[in-house]
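What the coordinates show
Letter by letter, the chains look like this.
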Amino acid sequence: QVQLVESGGGLVQAGASLRLSCAASARFFTTYAMGWFRQAPGKEREFVAAIRWGGSSTYNADSVKGRFTISRDNAKNTVYLQMNSLKPEDTAVYYCAAAPSGSVYLTRTDNYDYWGQGTQVTVSS
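About the thresholds
Residues numbered from 1 in each chain as written. Predicted model: local features only at pLDDT ≥ 70, side-chain atom pairs only at ≥ 80, totals over all residues. Heavy atoms only, no water. Phe/Tyr/Trp six-rings, centres within 6.5 Å; stacked < 30°, edge-to-face > 60°. Helix = DSSP H or I, 4+ residues; strand = E, 2+ residues; numbered from the N terminus. Buried < 20%, exposed > 50% of the residue type's maximum accessible area, 1.4 Å probe, protein only. Polar contact = N/O pair within 3.5 Å; in protein donor to acceptor, adjacent residues only side chain to side chain. Contact = heavy atoms within 4.5 Å. Salt bridge = Lys/Arg side-chain N within 4 Å of Asp/Glu carboxyl O. Disulfide = S-S within 2.5 Å.

Our focus in this paragraph is the packing of aromatic side chains. Taken as a whole and assessed by the stated rule, the structure comprises five aromatic pairs. Ring centres 5.7 Å apart and planes at 75° place the aromatic pair Phe37 and Phe47 in the edge-to-face group. Of this pair, Phe37 sits in strand 4 (residues 32-39) while Phe47 sits in strand 5 (residues 46-51), placing them ten residues apart in sequence. For Phe47, a relative accessible area of 13% corresponds to the buried category.

For Thr119, the position within the fold is in strand 11 (residues 119-124). Within the local environment of Thr119, its side chain forms a polar contact with the backbone nitrogen of Gly9, the two atoms lying 3.3 Å apart. Setting aside its immediate chain neighbours within four residues, Thr119 contacts Glu6, Ser7, Gly8, Gly9, Leu20, Ala92, Val93 and Tyr94.

The next subject is the pattern of salt bridges. The tally for this structure, following the rule as stated, stands at five salt bridges. The partner of Arg38 in a salt bridge is Asp90, and the shortest N-O contact between them spans 2.9 Å. Of this pair, Arg38 sits in strand 4 while Asp90 sits in the loop between strand 8 (78-83) and strand 9 (92-100), and the two are 52 residues apart along the sequence. Asp90 matches Arg38 in its accessibility class, with the two residues each being buried. Its salt-bridge partner being Lys65, residue Asp62 comes within 3.1 Å of it at the nearest N-O pair. Accessibility classification places Asp62 together with Lys65 in one group, the exposed group. When salt bridges that share partners are traced, they join Arg38, Glu46, Arg67 and Asp90 into one network.

Summed over the entire model, instances satisfying the criterion amount to one disulfide. A sulfur-sulfur distance of 1.9 Å marks the disulfide that ties Cys22 to Cys96. One disulfide, between Cys22 and Cys96, carries an S-S torsion of 45° and so falls in the right-handed class. Placement of Cys22 in strand 3 (residues 18-25) and of Cys96 in strand 9 is noted, with a sequence separation of 74 residues between them. Taken individually, Cys22 and Cys96 each receive the classification buried, so the pair is uniform in this respect.

This part takes up the environment of Gln117. Among the structural elements, Gln117 can be located in the loop between strand 10 (114-115) and strand 11. Judged by its relative accessible area of 48%, Gln117 is partly exposed. Between the alpha carbons of Gln117 and Gln13 there is a distance of 24 Å; along the sequence they are 104 residues apart. When neighbours within four sequence positions are excluded, Gln117 is seen to be in contact with Leu4, Val5, Glu6 and Tyr95.

A positive phi angle is found at Asn77, which is not glycine, with a value near 55°. One non-glycine residue, Ser85, lies in the positive phi region at around 50°. You can see Ser85 is positioned in the loop between strand 8 and strand 9.

Rendered as structure tokens:
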């Protein structure tokens, strides 16, 4: 069982930065690929970024490329999402999730076995 706890959300103005953290309580954290998703009111949950267990392979949604960076610290069982140049359309609840290391399609929600409770990010114009 993997428990995930997100933190770092908040209310910021457009152009600002935030760093989200996701702490995992799992002895085998390094065996999981990790992802960030977001869900805005009235919309489906969408992929934001993902990272393989070793950290060398990362994936980003087109909407956040060049602005968001995913990273992980396996010694701390933590994955991060650095968000720069935030826009009002980035407003959403952000979730981290864990997928088995062999998962192929890390952009798909159904590949993830464990989810955090979410953290709200609000970007004002």
